[in-house]
Structure formats: structure tokens, C-alpha cells
Amino acid sequence: MKDDKQFEKYSSAAVSSADSVDEYLQRLGSDDAREQRYYSQEQPFSTDEMTRLVNEERLNELLAQSDAFLQGLSEELKDFDE
């Protein structure tokens, strides 16, 4: 019986928490408003932080790979009509 009362206590707390979250999300409005609010809270990296975080050698490798891929794709698209 004690377990039943504890279960009711916890389940009613969960329902009220879920209701609170639902109400909050409804107050936020549309998906666009939620997305705008999310992105407005982002903190951009400073130039010094980016310099410290980015592996320049790896970035250059990735850029070279993407350039090669795009060049190959361009070549394939030129022959596509034939």
C-alpha cells in the first residue's frame, strides 16, 4: 500500500512536469520561433579560439579532397548529356 502511494506521488509529479514542458513549448510558438530562439543563444567563437581549435593541416586535406571531388563531378556532368 505504501508503494502504491509513492507510485501515485511520482507519477503525478511526472505528469505535472510533462504538462509544464508541453505548456512551455506551446508558449514558444511555431517551429520557426523555437529555431530562431535556439540559434540566437549560440555563442560564436573568437578568432583566437578558432585558431587554437582548428587543425589547419587536416582542414587543408579536407579542402583538397573536396576540390578534387567537385572537379571530378564537374567532369562527369560534362559527359552526362552524351
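Residues numbered from 1 in each chain as written. Predicted model: local features only at pLDDT ≥ 70, side-chain atom pairs only at ≥ 80, totals over all residues. Heavy atoms only, no water.

## Comments concerning the pattern of salt bridges
No. 1: According to the stated counting rule, one finds 1 salt bridge in the structure shown.
No. 2: A salt bridge links Arg58 to Glu61, with the shortest nitrogen-to-oxygen separation between them at 3.2 Å. Placement of both Arg58 and Glu61 in helix α4 (residues 56-78) is noted, with a separation of 3 residues, approximately one turn of the helix.
No. 3: Its relative accessible area of 39% is what places Arg58 among the partly exposed residues.
No. 4: Looking at Glu61, the relative accessible area reads 37%, which means it is partly exposed. (Salt bridge = Lys/Arg side-chain N within 4 Å of Asp/Glu carboxyl O. Helix = DSSP H or I, 4+ residues; strand = E, 2+ residues; numbered from the N terminus. Buried < 20%, exposed > 50% of the residue type's maximum accessible area, 1.4 Å probe, protein only.)

## Brief notes about a nonpolar patch on the surface
No. 1: Taken together, Phe45, Met50, Leu53, Val54, Leu59 and Leu63 make up a surface patch of nonpolar side chains, about 540 Å² in accessible area.
No. 2: Elements supplying a minimum of two residues to the nonpolar patch: α3 (47-53) and α4.
No. 3: With respect to the element layout, Leu53 can be found in helix α3. (Patch = residues over 30% accessible without salt bridge, like charges linked within 9 Å, V, L, I, M, F, W, Y side chains within 5 Å. Areas by Shrake-Rupley, 256 points an atom, 1.4 Å probe, with all protein chains shown as cover.)

## Looking at the confidence of the model for the chain
No. 1: Of the residues in the chain, 68% reach a pLDDT of 70 or more, and the chain-wide mean stands at 75.
No. 2: Element-level pLDDT for the chain is lowest in helix α1 (residues 2-28), with a mean of 64, against a maximum mean of 91 in α4. (pLDDT = per-residue confidence, 0-100.)

## With respect to α4
No. 1: Along its 23 residues, α4 runs 33 Å from first to last C-alpha, staying within 8% of the 33 Å computed at 1.5 Å per residue.
No. 2: One side-chain oxygen at the N-terminal end of α4 lies 3.2 Å from the backbone nitrogen of Glu57; it belongs to Asn55. (Expected span 1.5 Å × (residues − 1). Polar contact = N/O pair within 3.5 Å; in protein donor to acceptor, adjacent residues only side chain to side chain.)

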